[in-house]
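Survey of secondary and tertiary structure
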Amino acid sequence: MRSDPAGNRIARVVFCIVANEMILLHAFIKKTQKTPTAGLEIARKRKGAVK
């Protein structure tokens, strides 16, 4: 999922779909081309907690 925030910045939203529901796991503003590893780890941890 992508958005277009003000200031020519890029935001990312990480989500999963469980039982026909979209669950937001993590969102962040990208400051570099590479997706931050810490952001992905947060999303993975939260996905593991989803029942």
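It should be emphasised that the depicted structure is a prediction, and the values quoted were computed from it without experimental measurement.

A short note on the pattern of salt bridges
Counted under the stated rule, the structure contains one salt bridge. The partner of Arg44 in a salt bridge is Glu41, and the shortest N-O contact between them spans 3.0 Å. Remark: Glu41 and Arg44 occur in helix α1 (residues 37-49); sequence separation between them is three residues, near one turn of the helix. Judged by relative accessible area, Arg44 falls into the exposed class, the value being 53%. Looking at Glu41, the relative accessible area reads 43%, which means it is partly exposed.

Rules behind the numbers
- Residues numbered from 1 in each chain as written.
- Predicted model: local features only at pLDDT ≥ 70, side-chain atom pairs only at ≥ 80, totals over all residues.
- Heavy atoms only, no water.
- Salt bridge = Lys/Arg side-chain N within 4 Å of Asp/Glu carboxyl O.
- Helix = DSSP H or I, 4+ residues; strand = E, 2+ residues; numbered from the N terminus.
- Buried < 20%, exposed > 50% of the residue type's maximum accessible area, 1.4 Å probe, protein only.

Interpretation in functional terms is not warranted from these geometric data alone.
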